[in-house]
Amino acid sequence: GTGAATWRYARSIRIPWRPVLYAAGTAFVCSFLGATAVSLLPRDAVRPLVLVLLVVLLIYTLVKKDFGALHVPRNIGRRELAIALLMGGAIGFYDGFFGPGTGSFLIFLFIRFFGLDFLRASAASKVVNLATNLAALSFFLPTGNVLLHFAIPMAAANVLGAVTGTRLALRGGTPLIRKLFVLLVVVLIAKMAWDTFG
């Protein structure tokens, strides 16, 4: 599904490939490490921290009305590439280890540090997310931890949803993606709060 969305975005809009591929590279490596760490660390310990980060992310987005509304890409120098590497590493490890909210965190970070609007940040996040998914799968498939009888039909539905969602995002642009982003983060916060305190 992420691959299908990445392909459609890449054909339709300009993605700042240099920082995105830097982030995707470290995300791939660190996602594999995160997947490996699942058996070593208690995942429940991460949930409250993720909940707090999602609440901060939501408040920041709502308070800054122009956040992600304008596409003002930054010049890519050493500082930006270093941020891309760190961002990819941190999010990659998180996605391999835990997962929920990865796309939202990536969108937020691409807007905050690279000046992208919601549409282009969403496209960039798909590239990095694809790398983390491939890395996690490369760990979980050989170890027999993928329930293929569930995963295959879900993957087919995911591809269909991704193609539909990408088409909708390209038509609705940044205003629509911002609304959906806020809605998704609210749902994630509610789900995480229920899992943590329910």
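The rules we used
- Residues numbered from 1 in each chain as written.
- Predicted model: local features only at pLDDT ≥ 70, side-chain atom pairs only at ≥ 80, totals over all residues.
- Heavy atoms only, no water.
- Phe/Tyr/Trp six-rings, centres within 6.5 Å; stacked < 30°, edge-to-face > 60°.
- Helix = DSSP H or I, 4+ residues; strand = E, 2+ residues; numbered from the N terminus.
- Buried < 20%, exposed > 50% of the residue type's maximum accessible area, 1.4 Å probe, protein only.
- Lys NZ or Arg CZ within 6 Å of the ring centre and 35° of its normal.
- Salt bridge = Lys/Arg side-chain N within 4 Å of Asp/Glu carboxyl O.
- Core = buried A, V, L, I, M, F, W, Y, C linked by side-chain atoms within 4.5 Å.
- Contact = heavy atoms within 4.5 Å.
- Arc of directions from axis to C-beta.

This part covers the packing of aromatic side chains. Under the defined criterion, the tally for this structure stands at 11 aromatic pairs. For the pair F32 and F139, a centre-to-centre distance of 5.7 Å together with 90 degrees between the ring planes defines the contact as edge-to-face. On the criterion of sequence distance, the pair formed by F32 in helix 2 (residues 17-37) and F139 in helix 6 (residues 118-140) is long-range, its members being 107 residues apart. With a centroid separation of 5.2 Å and an interplanar angle of 85 degrees, the aromatic rings of Y60 and F67 are classed as edge-to-face. Assessed through its relative accessible area of 28%, Y60 is described here as partly exposed. When its relative accessible area of 6% is taken as the criterion, F67 is described as buried. The rings of Y60, F67, F108, F118 and F181 are connected pair by pair, giving a single aromatic cluster. The lysine or arginine in question, R112, covers the ring of F113, its NZ or CZ lying 5.2 Å from the ring centre.

Applying the stated criterion to the full structure yields 3 salt bridges. Between D117 and R120 there is a salt bridge whose closest N-O contact spans 2.7 Å.

Moving on, we come to the nonpolar core. Among the nonpolar cores identified, the biggest contains 47 residues, and Y9, V50, L54, F110, V128 and F181 are the most heavily contacted of them. Elements represented by at least two residues in this core include exactly helix 2, helix 3 (47-63), helix 4 (78-97), helix 5 (102-114), helix 6 and helix 7 (148-197). In this structure, F110 is in contact with V20, M87, G115, L116, A121, A124, S125 and V128, ignoring residues within four places of it in sequence.

Before going further, it helps to spend a moment on the side chain of S31. Position of S31 relative to the elements: it lies in helix 2. Classification of S31 as buried rests on a relative accessible area of 0%. In this structure S31 touches G92, F93, G96, T132, A135 and A136, once residues within four positions along its chain are discounted.

What follows concerns the side chain of T166. Within the secondary structure layout, T166 lies in helix 7. Non-local contacts of T166, meaning those with residues more than four positions away in its chain, are made with A5, R8 and Y9.

Counting through the fold element by element, L148 comes out in helix 7. What makes L148 partly exposed here is its relative accessible area of 45%. Beyond its immediate stretch of four places on either side in the chain, L148 contacts L141 and P153.

Before going further, it helps to examine helix 1 (residues 2-12). If you check which residues of helix 1 are buried, you get T2, A5, T6 and Y9. Each buried residue of helix 1 sits inside an arc of 100 degrees when the element is viewed along its axis, so together they form one side. In helix 1, the exposed positions that point more than 90 degrees away from the buried face belong to W7 and R11. Contact partners of the buried residues in helix 1: helix 6 and helix 7.

Shape descriptors only; they carry no functional weight alone.
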